[in-house]
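# Structural features, examined
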Amino acid sequence: MFAPEDVKKALEKAQHLVVFTGAGVSAESGVPTFRDALTGLWENFDPEALATPEAFAENPDFVWGWYEWRRKLLLEVQPNPAHIAIAELAKRVPKFTLITQNVDDLHERAGSTDVLHLHGSLFTPRCFDCGRSYEFTQAPTLTKEQRITPPQCEHCSGNIRPGVVWFGESLPEAEFKAAFEAVQSCDLLLSVGTSGMVYPAAQLPEIAAQNNATVVHINPQKMSAITRHGYSLQGAAGEILPLLI
Ligand SMILES: [Zn+2]
């Protein structure tokens, strides 16, 4: 496990660095994946029965309870060396964009700002009816019945919903547009902890490569399809990224 000289050189002369992160980065902090979170009280539920606008409209207490439980799990873990290295990289290049598929706040807690959350965030709840944002004022309090009545919007009394993108919903437009523009104009993209199989995850590094950016995949698994200006560094993000700095 090492950082090849070519990657270090690309980093040294990078004018616009894009870092694109996926579930692997959160997993190194011990964040359970979406499906892994369906343990204990939740294990008999189909995620699609919990993570849709229809499910929330029908049974808000039940769905909100599940998201509050996930928020509680997240508050118990800490950013890892990968999150910290990414926040540090931002200070070392003229222009920096961080795009993530993760719905946790570990990048922010490591010091990153202006994070583009393509799948929304568990920490940006909003009104189900009018869309106005809502701010958490307290830590999640869980009940035995797993049901928690969502807070009410102070403008329209609608239920507050999680800020994540649910099945059947489109990606947040502003974030996706900004991400798209960034990968078109960057000269170096680090794709970290993402298997790159799911749209649009697969597409963003591809667009960067098409625009002649150097693309570096950092993953426990070896990436098979590597383009001309591409590299694959195999290993834990929390070990490789600090080496690049
Ligand atoms: Zn409202």
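First things first, this report covers the structure right here in the doc. (Residues numbered from 1 in each chain as written. Predicted model: local features only at pLDDT ≥ 70, side-chain atom pairs only at ≥ 80, totals over all residues. Heavy atoms only, no water.)

Bringing the coordination of the zinc ion into the picture now. The zinc ion binds to the protein through Cys 127 (SG), Cys 130 (SG), Cys 153 (SG) and Cys 156 (SG); the donor distances cover 2.3 to 2.4 Å. For the zinc ion, the 4 donor atoms in the first shell make angles of 96 to 118° at the metal, so the coordination geometry reads as tetrahedral. The sequence pattern formed by the donor residues of the zinc ion is C-x2-C-x22-C-x2-C. Taken together, the positions of Cys 130 in the loop between β4 (120–127) and β5 (160–164) and Cys 156 in the loop between β4 and β5 put the pair 26 residues apart, joining distant regions of the chain. (Donors = N, O, S within 2.8 Å, 3.2 Å for Na, K, Ca; no water. Tetrahedral: all angles 85-135°; square planar, octahedral: opposite > 155°, others 65-115°. Helix = DSSP H or I, 4+ residues; strand = E, 2+ residues; numbered from the N terminus.)

All right, on to unusual backbone geometry then. Located in the positive-phi region is Ser 157, a residue other than glycine, with phi close to 65°. With respect to the element layout, Ser 157 can be found in the loop between β4 and β5. In this model, Asn 212 sits at a positive phi of 70°, which is unusual for a non-glycine residue. Note that Asn 212 resides in the loop between α9 (203–210) and β7 (214–219).

Here the focus is the environment of Ala 139. In this fold, Ala 139 is placed in the loop between β4 and β5. Looking at Ala 139, the relative accessible area reads 52%, which means it is exposed. (Buried < 20%, exposed > 50% of the residue type's maximum accessible area, 1.4 Å probe, protein only.)

What follows concerns helix α8 (residues 173–185). Over its 13 residues, α8 extends 19 Å from the first C-alpha to the last, a length consistent with the 18 Å expected when each residue adds 1.5 Å. Of all the residues in α8, the buried ones are Phe 176, Ala 179, Ala 182 and Val 183. Considered in projection along α8, the buried side chains sweep an arc of 125° and stay on one side of the axis. What points out from α8, more than 90 degrees from its buried face, is the exposed set Glu 173, Ala 174 and Lys 177. (Expected span 1.5 Å × (residues − 1). Arc of directions from axis to C-beta.)

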